[in-house]
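Descriptive analysis of the structure
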Amino acid sequence: MDSFLPSPDCDTISKTYNGQIDSHLVQKTNERYREILPNLPRGKGWMTEHLVQYQGVWLTPNAALKGLMWVQGHFKPQSTDILLASFPKTGTTWLKALTFATINRTRYGFADHPLLTTVPHGCLPFLEACPNDLDGFPSPRLLSTHIPYTLLPNSMTGNQSCRFVYICRDPKDVLVSKWLFMNKLRPKELAPISLEEAFELFCQGISHYGPYWDHVLGYWKASLETPEQVLLLKYEELKEEPSVVVKRLGEFLGHPFSLEEESKGVVEEIMKLCSFENLSNLGVNKSSVLKLSTQIIVDNRHFFRKGKVGDGKSYLTDEMIKRINEITSEKLLGSGLVFDS
Ligand code: PAP
């Protein structure tokens, strides 16, 4: 069990950069980081003061950029790795819970399951935060990432490489969820970011790991090209037919539910355990915290807000809805991917 619960906090990055793992590589990455940082385009940050644009994606200048550079340069993937990939606020927490429960369903009982005492983010490592602490992990390693598919090193993509489960969500719900969440994490000395401002930035693609549409399209195309390696799920379809999606997830991961399991209600047990109602009411998710970095500590309860489809629209004006829908149609045109609302 313990091996499944490494600290997912970004301090491990500092450990890396302090040279405890491979001082030569650390030094090289640090030098490269210091060299490129001043020349990167800057945009307004949601949680931090600024974001920087690196290889077309907007990142926090410290942990996210360093994490990406480290993964690109030095991560050693294994063909059995399972990556849960997402753009922030699209359903990551739920996907982590469902996948962790699905692949470990014969290992843990539902009455004393780790998810009852650990926030889903604490059940598996975040790749960008601890890429070096993963070597001793038993396979298959279950990891999570926010890195866009197109920026992953070749060693991680394509046939015979890692498998990815990607979750995406209607951009209006993502924007609003992200705006509310980021303002909670925004340091007190920075004025809160208004919805109008967040909307403009989001539409311009300036948000962590944005542009959102590029992020989604990268994984969508990969799911079409290599369906055995990349499974794309929508938050909305999970809401509508969770049991169908959980069964698909089990099959994709090579852990299909047997008829016996189905008749015993194992799929339903997993859905119940991972439901918004259950997780959001657990003591650990009501009152404990998750340390994302030395500066950023998040109350677990912030990962569980409403968990509804379409809630974003109640915050946005008609013009905002029209504009974001137009951008979405334009960006996804011809891709075959649609968001219905
Ligand atoms: P993260 O990027 O901080 O990990 P992520 O989990 O991707 O966030 O998304 C959070 C959203 O998922 C929240 O949506 P909301 O703001 O619109 O409410 C959160 O409420 C929702 N969520 C979290 N857990 C669940 C769950 N078990 N079932 C359904 N939705 C959930």
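Residues numbered from 1 in each chain as written. Predicted model: local features only at pLDDT ≥ 70, side-chain atom pairs only at ≥ 80, totals over all residues. Heavy atoms only, no water.

The protein is annotated in an unreviewed UniProt entry as Sulfotransferase of Gossypium arboreum. Database annotation for the protein, UniProt heading Sequence similarities (unreviewed entry): "Belongs to the sulfotransferase 1 family." (UniProt positions renumbered as here; feature names shortened; annotations may be inferred.)

What follows deals with unusual backbone geometry. Residues Ser139 and Pro140 are joined by a peptide bond in cis, for which omega reads 0 degrees. Among the structural elements, Pro140 can be located in the loop between helix H4 (92-103) and strand S5 (142-145). Here the bond from Gly210 into Pro211 is cis, since omega is 0 degrees, no more than 30 degrees from zero. Among the structural elements, Pro211 can be located in the loop between helix H6 (195-204) and helix H7 (212-225). Despite not being glycine, Gln55 shows a phi value in the positive range, around 50 degrees. Residue placement: Gln55 occurs in the loop between strand S2 (50-54) and strand S3 (57-59). Its identity is not glycine, yet Gln160 carries a phi of approximately 70 degrees, on the positive side. Among the secondary structure elements, Gln160 is positioned in the loop between S5 and strand S6 (163-168). Exposure remark for Gln160: the relative accessible area of 70% places this residue in the exposed category. (Helix = DSSP H or I, 4+ residues; strand = E, 2+ residues; numbered from the N terminus. Buried < 20%, exposed > 50% of the residue type's maximum accessible area, 1.4 Å probe, protein only.)

Near the ligand there are 21 residues, and of these Thr92, Thr93, Ser177, Lys306 and Gly307 occur at the shortest range. Arg169 is positioned with one of its side-chain polar atoms (N or O) 2.9 Å from an oxygen atom of the ligand. Phe276 places a main-chain nitrogen or oxygen 3.4 Å from a nitrogen atom of the ligand. The fraction of the free accessible surface of the ligand (640 Å²) that becomes covered by protein chains is 97%. Listed by contribution, the elements that provide at least two residues to the shell around the ligand are H4, helix H5 (171-185) and helix H12 (276-280). Top element by residues in the shell around the ligand is H4. It accounts for three residues. A per-class count over the shell around the ligand returns nine nonpolar, eight polar and four charged. (Near = heavy atom within 4 Å. Polar contact = N/O pair within 3.5 Å; in protein donor to acceptor, adjacent residues only side chain to side chain. Areas by Shrake-Rupley, 256 points an atom, 1.4 Å probe, with all protein chains shown as cover. Nonpolar A, V, L, I, M, F, W, Y, C, P; charged D, E, K, R; others polar.)

Attention now goes to the sheet that holds S2. In space, the three strands of this open sheet follow the order S1-S2-S3, with antiparallel pairing throughout. One side of each edge strand has no neighbouring strand; the edge strands of this open sheet are strand S1 (42-44) and S3. Strand after strand, the sheet turns through a mean of 35 degrees between neighbouring axes, direction not considered. Of the strands in this sheet, S2 and S3 touch helix H3 (residues 63-74), which is tilted by about 25 degrees from S2. (Pairing = 2+ DSSP bridges. Axes fitted to C-alpha atoms, helices over the stretch in contact; angles between N-to-C directions. Contact = heavy atoms within 4.5 Å.)

Once that is clear, we can look at the environment of Glu49. Mapped onto the secondary structure, Glu49 falls in the loop between S1 and S2. Along the sequence, Glu49 and Cys274 sit 225 residues apart, while their C-alpha atoms lie 34 Å from each other. If we skip the residues at most four places from it in the chain, Glu49 touches Gly43, Lys44 and Leu190.

Confidence in the prediction of the protein, expressed as mean pLDDT, is 91, and 92% of residues score 70 or more. The low-confidence segment residues 1-20, where pLDDT is below 50, has 57 contacts with residues more than four positions distant or belonging to other chains. (pLDDT = per-residue confidence, 0-100.)

Glancing now at the environment of Pro41. Along the chain, the position of Pro41 falls in the loop between helix H2 (23-36) and S1. As a C-alpha pair, Pro41 and Gly56 span 15 residues in sequence and 9.8 Å in three-dimensional space.

Axis separation between H5 and helix H14 (residues 318-332) bottoms out at 10 Å; the angle between their running directions is 120 degrees. Judged on the interaxial angle alone, H14 and H5 are oblique. Contacts between H5 and H14 involve Pro171, Lys172 and Leu175 from the first element and Ile321, Ile324, Asn325 and Thr328 from the second. (Parallel < 35°, antiparallel > 145°, perpendicular 65-115°, else oblique.)

The buried fraction of strand S4 (residues 82-86) amounts to five of the five residues, a majority that puts the element mostly inside the structure. Alternating residues of S4 divide into Ile82, Leu84 and Ser86 and Leu83 and Ala85, and every residue in both groups is buried. Pairing of S4 with S6 involves five bridges; the strand directions are parallel. Bridging from a neighbouring strand, Leu83 pairs with Phe164 of S6.

The subject of this paragraph is the packing of aromatic side chains. Considering all chains together, one arrives at 15 aromatic pairs under this definition. Summarising the aromatic geometry, the rings of Phe202 and Tyr212 are spaced 6.0 Å apart at their centres and angled 35 degrees between planes, so their arrangement reads as tilted. Of this pair, Phe202 sits in helix H6 while Tyr212 sits in helix H7; the two residues are ten residues apart in sequence, bridging distant segments of the chain. The same class applies to Phe202 as to Tyr212, namely buried. Through pairs of rings, three or more aromatic residues link up here, namely Trp46, Phe87, Phe202, Tyr212 and Trp213. (Phe/Tyr/Trp six-rings, centres within 6.5 Å; stacked < 30°, edge-to-face > 60°.)

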